[in-house]
Amino acid sequence: MQNVQPILRIQDLFDRWRQLGAKKLPSGTELIGAMPDGDGEVWMHAIHPGLTLAEIERLEGKLKARLPRDLRAFYRLSRGMDLFQGAFRVYGAGQASFRANEQSLRVDDLLELNHELDVLGWKPKGAVAFAVNAWDQTVHLFGMTPNVREVARCQRATGEILEVCSTLWECISARLYRLDHLLVGS
């Protein structure tokens, strides 16, 4: 029951953004929030379709770690998201690019993100990074605190914890509402 309220808040935002326009691509990716552009289509958000259980298990095999329960549930709904034109990106099962009117839509690769952080040397064994804030390049990870459900927002270069959310859903909800307020003014 702890997850219900933040999930409803996320869905409420998506529904409001859909009023600006929405389009479902043949790949299953949903583009939300059409923005005026004289040269073609520009969209505020791209939400990619979910993964099958087999795809999640393959991702875990490549990562060599079991994904946290909340992240597994998230990936059943979406393999990744690119929100506010990349200001907040949730990484997932990277794959070949999707195309929509010359706009390439690619799911950011969870494996690449975690490898980059492993090279920096501060990420604990078993921790899983899954999201990035483009403005300050902070990263969101499971496994930085003793509570397995908590998500920490950390400095990318050092791993310094800047913020902790009680669940993945709280993390995503808080980030989306903060960006919506800053960028859309709602």
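Use the structure listed above.
Here's a quick rundown of the structure. No experiment lies behind these values; they were computed from the predicted model shown. Numbering of residues begins from 1 in every chain and follows the order in which that chain's sequence is written. pLDDT decides what is reported in this predicted model: residues at 70 or higher carry local features, side-chain atom pairs at 80 or more are listed and counted, and totals for whole chains, interfaces and linings draw on all residues regardless. Working from all heavy atoms in the structure, the side-chain values ignore hydrogens and water.

Overview of the overall build of the protein chain
Our working definition: In DSSP terms, a helix is any run of H or I states spanning at least four residues, a strand is any run of E spanning at least two, and both are numbered starting from the N terminus. Using C-alpha atoms as the atom set, the radius of gyration is obtained and then compared with a globule rule of 2.2 Å times the number of residues to the power 0.38. Contacts: residue pairs with any heavy atoms within 4.5 Å of one another. Working definition of accessibility: Shrake-Rupley area with a 1.4 Å probe, residue cover restricted to the visible protein chains. In this charge count, Lys and Arg are treated as positive and Asp and Glu as negative; neither His nor the chain ends contribute. A charge is said to be at NZ when it belongs to Lys, at CZ for Arg, at CG for Asp and at CD for Glu.
In terms of helices and strands, the protein chain carries five helices and 11 strands. Taking 16 Å as the expected radius of gyration for a compact globule of 186 residues, we find that the protein chain reaches 16 Å, a close match to that expectation. Its C-alpha atoms put the protein chain at 45 × 35 × 35 Å along the principal axes. Across the protein chain, the fraction of contacts at a sequence separation of at least 24, relative to all contacts at a separation of at least 6, is 46%. For the protein chain, the exposed surface amounts to about 9,400 Å²; the carbon and sulfur share of it is 52%. Of note, the protein chain has its 23 positive side-chain charges centred 5 Å away from the centre of its 23 negative side-chain charges.

So, the nonpolar core
Just so we agree on the cut-off: Nonpolar cores were defined as sets of buried Ala, Val, Leu, Ile, Met, Phe, Trp, Tyr and Cys residues, with membership established by side-chain atoms within 4.5 Å. Each residue gets one of three labels from its accessible area relative to the maximum for its type: buried under 20%, exposed over 50%, partly exposed in between, using a 1.4 Å probe on protein chains only.
Core analysis: the largest hydrophobic core is formed by 47 residues, its most contacted members being Tyr-75, Phe-130 and Leu-176. The element best represented in this core is helix H5 (residues 168-184), accounting for six residues.

Some points on a nonpolar patch on the surface
The test is simple: Patches here are clusters of residues that have more than 30% relative accessible area and form no salt bridge, with a 9 Å joining cutoff for like charges and a 5 Å cutoff for nonpolar side chains (Val, Leu, Ile, Met, Phe, Trp, Tyr). Basic side-chain nitrogens of Lys or Arg form a salt bridge, by our definition, when they fall within 4 Å of a carboxyl oxygen of Asp or Glu.
A contiguous nonpolar patch, built from Trp-135, Leu-182, Leu-183 and Val-184 and spanning about 420 Å² of accessible area, is present on the exposed surface. The class of Leu-182 is exposed, set by a relative accessible area of 55%.

Observations concerning the pattern of salt bridges
Tallying each qualifying case throughout the model produces 14 salt bridges. A salt bridge links Asp-70 to Arg-149; its shortest N-O distance comes to 2.9 Å. Taken together, the positions of Asp-70 in helix H3 (residues 69-77) and Arg-149 in the loop between strand E9 (139-142) and strand E10 (151-154) put the pair 79 residues apart, joining distant regions of the chain. You can call Asp-70 buried: its relative accessible area is 6%. One connected set of salt bridges, linked through shared partners, spans Asp-136, Arg-153, Glu-163, Arg-175 and Arg-178.

Comments concerning the state of the cysteines
The condition that has to hold: Disulfides are defined as pairs of cysteine sulfur atoms found within 2.5 Å of each other.
Across all of its chains, the model carries zero disulfides by this definition. Cysteine Cys-154 shares no disulfide, and the gap to the nearest cysteine sulfur, in Cys-171, comes to 11 Å. As a non-bridged cysteine, Cys-171 has Cys-165 as the owner of its nearest cysteine sulfur, 4.7 Å distant. Owing to a relative accessible area of 2%, Cys-171 belongs among the buried residues under this scheme.

Brief notes about the packing of aromatic side chains
What counts here: The rule is short: rings of Phe, Tyr and Trp, with Trp giving its six-membered ring, pair when the centres are within 6.5 Å, and they are stacked under 30 degrees, edge-to-face over 60, tilted in between. Our definition puts a charge over a ring when NZ of Lys or CZ of Arg is within 6 Å of the ring centre and also within 35 degrees of the ring normal.
Applying the stated criterion across every chain yields a total of five aromatic pairs. Here the aromatic rings of Phe-14 and Trp-17 are separated by 5.5 Å at their centres, their planes lie at 50°, and the arrangement is tilted. Taken together, the residues span about one helical turn, with Phe-14 and Trp-17 both in helix H1 (residues 4-18) at a distance of three residues. Across the pair, Trp-17 and Phe-14 agree in class, each one buried. Ring centres 5.4 Å apart and planes at 35° place the aromatic pair Phe-130 and Phe-142 in the tilted group. On the criterion of sequence distance, the pair formed by Phe-130 in strand E8 (residues 128-133) and Phe-142 in strand E9 is long-range, its members being 12 residues apart. By the burial criterion, Phe-130 is buried, and Phe-142 matches it. Joined through ring pairs, the aromatic side chains of Phe-14, Trp-17 and Phe-84 make up one cluster. Over the face of the ring belonging to Tyr-177 we find Arg-9, whose NZ or CZ atom lies 3.9 Å from the ring centre.

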